[in-house]
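Below, each chain spelled out in residue letters.
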Amino acid sequence: MRTRWIVAVVALAVVAVVAGAVVAFWPRDAEAQDPEIAVSRSSCGTGWAAPKPGPQTFRVHNTGSVTAEVDLIDPATGVIYGEIEGLGPSTTRPLQVNLGNGSYAFRCLPEDAGAIVGPTAQVSGGADRTGPGVAPVTHNDLLGPLKAYQAHVTTGLGELVTNTGALKNAIHGGDRAASETAWLTAHLTYERLGAAYDAFGDTDGALNGTADGLPGGTGDEDFTGFHRLESGLWHGEDLGALAGVADQLDTDAHALQTSFADSQVDGNDLALRAHEIMENTLQFELTGRTDYGSGTNLATARANLDGTRAVLDVLRPLLTPRYQQLPKLDSWLTRTQTTLDAAHRPDGTWTPLAQLDVKQRQKLNADVSELTELLAPIAAIAEPRRVS
């Protein structure tokens, strides 16, 4: 499920789609009183009479023959206060908003047709508009961030193949301590590339997959990559038996470097990853589900934080005028980094999750959870939108 949020001071619209059905809640006896807004290829936003301020629900009905997107906007600036995606023909969906004083209009974007902006409605008698909605981000707006992030990942992949090569050499050299150190360096290099995973395709599973779902568990022949080596290194497996696994990891890393040069991070995915990286950190690293013996989940979480920062760095020019919570997000990034860094011991090792006391564990979970919540709106704010 993907829930889209448009964040604004004077208006909040939430559209949640689950398996093609809209999740919405409003009193049955109020439905007949809610204005029905008609949209089609030829007209947009008809049916909105006597506009009023405050919370309300529009029943947006597609009277046309093609699917359409529908936005509630400020017609002078294009700022969006609410939206519905994929409104099918003869379909009605609710759009819940909280309107302050100002001008509003519906913008309809039917498939294979230009945008239509409906009549302007003036709302008065309510709260003054004290802040902006969200200005849409277009595909052109994302060209610069995507280019910068592509360059960042390309550099990171260069570091990765250097580090997997060093790991391979350490294992072939028969030095377990050096192999464990090289493993952590290479693994964290990979974990910092979090926003590019979709562009990595099946190679991600080969490099960083777990034994979950494999019939043979950690002994399954399809269990490969970093975690297979982690299991062997920290459970005393003969290094000679691990040499082939290390060779394959290095080969896969070089193949990824080559293939990524001809691929591209999708604009729809870039902003989504800012949230998903930390969401995965909560789900997998802070639960220890990906620990195969090294006890380095907190090191991975710290690398994931670096990966999140890399996404935010390229998106920051777009987010600064659009996301009012950005200063608070930056504060929680710093706070979470400080919490994670406290687990990095002076000798270079990391405190295993199991060795944290209750207060340390509670603080860590709270910091990462709050950070994840603050990252959630970015997926919708910076998603590229069609405006014409």
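Just above sits the structure.
These figures come from a predicted structure and were not determined experimentally.

**Brief notes about the side chain of aspartate 71**
Counting through the fold element by element, aspartate 71 comes out in strand E7 (residues 68-73). Taking the relative accessible area as the measure of exposure, aspartate 71 reaches 2% and is therefore buried. In this view, aspartate 71 contacts Ile80, Gly82, Glu83, Ala105, Phe106, Arg107 and Leu109; residues no more than four positions away in its chain are not counted.

**Some remarks on the nonpolar core**
Ranked by internal contacts, the top residues of the largest apolar core, which has 69 residues, are Leu229, Leu298, Leu315, Leu329 and Ile378. Not counting residues within four places of it along the chain, the set of residues in contact with leucine 329 comprises Leu312, Tyr323, Leu371, Leu374, Leu375 and Ile378. If you look at the next biggest cluster of nonpolar residues, it comprises 21 residues, including Ile37, Trp48, Val79 and Ile116.

**Looking at helix H6 (residues 225-234)**
Count 3.6 residues to each turn of an α-helix, and residues three or four apart come out pointing the same way. With nine of its 10 residues buried, H6 lies for the most part within the structure. Looking at the packing, one finds that the buried side of H6 touches helix H2 (143-172), helix H3 (176-191), helix H5 (203-208) and helix H7 (239-260). Once H6 finishes, glycine 236 follows within two positions and takes phi at roughly 75 degrees, a positive value.

**Notes on unusual backbone geometry**
Glycine aside, residues mostly have negative phi, and peptide bonds are mostly found in the trans state. One non-glycine residue, serine 90, lies in positive phi territory at about 60 degrees. Positionally, serine 90 belongs in the loop between strand E8 (80-87) and strand E9 (92-99). Look at aspartate 112: it is not a glycine, yet its phi comes out positive at around 60 degrees. Residue aspartate 112 is classed as exposed on the basis of its relative accessible area, which comes to 74%.

**As for the pattern of salt bridges**
Inspection of every chain in the model, using the stated rule, returns 14 salt bridges. The salt bridge involving glutamate 237 is made with arginine 228; its shortest N-O contact spans 2.9 Å. Looking at glutamate 237, the relative accessible area reads 25%, which means it is partly exposed. Among the salt bridges present, the one from arginine 316 reaches aspartate 330, with a minimum N-O distance of 2.9 Å. One end of the pair, arginine 316, is in helix H9 (residues 297-319); the other, aspartate 330, is in helix H10 (residues 326-341), with 14 residues separating them in the sequence. Bridged by salt links that share partners, the residues Arg192, Arg302, Asp306 and Asp341 form one connected network.

Calculation criteria
- Residues numbered from 1 in each chain as written.
- Predicted model: local features only at pLDDT ≥ 70, side-chain atom pairs only at ≥ 80, totals over all residues.
- Heavy atoms only, no water.
- Helix = DSSP H or I, 4+ residues; strand = E, 2+ residues; numbered from the N terminus.
- Buried < 20%, exposed > 50% of the residue type's maximum accessible area, 1.4 Å probe, protein only.
- Contact = heavy atoms within 4.5 Å.
- Core = buried A, V, L, I, M, F, W, Y, C linked by side-chain atoms within 4.5 Å.
- Salt bridge = Lys/Arg side-chain N within 4 Å of Asp/Glu carboxyl O.

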